[in-house]
Amino acid sequence: MAHLDITILGQHYKMGCPDGEEENLEKSVIQFNDKLKSMKAQAPGRRNEQHIVMVALNYCHQLNVERIKNEQYTRELNERIQLLQDSIEQALRPTTEKIE
């Protein structure tokens with residue numbers, strides 16, 4: 001397990017992450033901080049905690065939207081695969097008609 005020192009809104013945290021995932025975590029921190037800065041610029045009167053909650057909820061919503069899209073795509077793919085399997089099985093079935 002790797003440990004990284006990260007900073008969010010000026011607060012320093014030590015965070016663990018799986019080995020090899022350090023770069024992804026650092027990119028996520030940068031993305032999160034950028035979103036926080038953008039949100040703070042739009043609503044400067046809010047407390048930092050409010051901004052953090054809003055950004056986290058935004059990301060959760062985006063994740064759920066993508067999960068739903070992925071599930072739908074998976075269903076459609078499974079239906080296509082089933083149609084292909086059915087077509088292949090039908091093509092490979094021996095014919096019962098006699099050729100005269």
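The shown structure was predicted, so the numbers you read here are calculated from the model rather than taken from an experiment.

**Some thoughts on the pattern of salt bridges**
1) Next: What the rule picks out here adds up to five salt bridges.
2) Next: Two residues, Glu23 and Lys27, come together in a salt bridge whose shortest N-O distance is 3.3 Å. Of this pair, Glu23 and Lys27 are both found in helix H1 (residues 22-42), four residues apart, which corresponds to roughly one turn of the helix.
3) Next: For Arg47, the salt bridge goes to Glu49, with nearest N and O atoms at 3.7 Å. Comparing Arg47 with Glu49, the two get one shared label, exposed.

**Some thoughts on the pairing of strand E2 (residues 11-17)**
1) Next: Pairing between strand E1 (residues 2-8) and E2: seven bridges, direction antiparallel. Counted as the bridge partner of His3 is Gly16 from E2.
2) Next: Following E1, the chain reverses through two residues before pairing antiparallel with E2; Leu9 in that reversal takes a positive phi of roughly 50 degrees.

**Let's talk about the confidence of the model for the protein**
1) Next: For the protein, the average pLDDT comes to 92, and 95% of its residues sit at 70 or higher.
2) Next: At the low end of the mean pLDDT range in the protein sits E1, at 93; at the high end sits helix H2 (residues 48-92), at 96.

**Considerations on the nonpolar core**
1) Next: Among the nonpolar cores identified, the biggest contains 11 residues, and these are Ala2, Leu4, Ile6, Ile8, Cys17, Leu25, Val29, Phe32, Leu36, Met39 and Val55.
2) Next: Among the secondary structure elements, those contributing two or more residues to this core are E1 and H1.
3) Next: A total of five residues in this core trace back to one element, the largest contributor, which is H1.
4) Next: Every residue in contact with Ile6, bar those within four places of it in the chain, is listed here: Gln11, His12, Tyr13, Met15 and Val29.

**A few points about H1**
Note on helix geometry: an α-helix contains 3.6 residues per turn, so any two residues three or four positions apart are oriented the same way.
1) Next: Between its first and last C-alpha, H1 extends 30 Å over 21 residues, near the 30 Å set by a 1.5 Å rise per residue.
2) Next: Where H1 is buried, its residues meet E1, E2 and H2.

**Topic: a nonpolar patch on the surface**
1) Next: Where nonpolar side chains cluster on the molecular surface, the patch consists of Val53, Met54 and Leu57 and spans about 260 Å² of accessible area.
2) Next: The topology assignment puts Met54 in helix H2.

**What about the state of the cysteines?**
1) Next: Enumeration according to the criterion identifies zero disulfides in this entry.
2) Next: This cysteine, Cys17, is not joined by any disulfide, and Cys60 carries the nearest cysteine sulfur, 19 Å off.
3) Next: Here Cys17 falls in the buried class, since its relative accessible area comes to 5%.

What counts, and at which threshold
- Residues numbered from 1 in each chain as written.
- Predicted model: local features only at pLDDT ≥ 70, side-chain atom pairs only at ≥ 80, totals over all residues.
- Heavy atoms only, no water.
- Salt bridge = Lys/Arg side-chain N within 4 Å of Asp/Glu carboxyl O.
- Helix = DSSP H or I, 4+ residues; strand = E, 2+ residues; numbered from the N terminus.
- Buried < 20%, exposed > 50% of the residue type's maximum accessible area, 1.4 Å probe, protein only.
- Pairing = 2+ DSSP bridges.
- pLDDT = per-residue confidence, 0-100.
- Core = buried A, V, L, I, M, F, W, Y, C linked by side-chain atoms within 4.5 Å.
- Contact = heavy atoms within 4.5 Å.
- Expected span 1.5 Å × (residues − 1).
- Patch = residues over 30% accessible without salt bridge, like charges linked within 9 Å, V, L, I, M, F, W, Y side chains within 5 Å.
- Areas by Shrake-Rupley, 256 points an atom, 1.4 Å probe, with all protein chains shown as cover.
- Disulfide = S-S within 2.5 Å.

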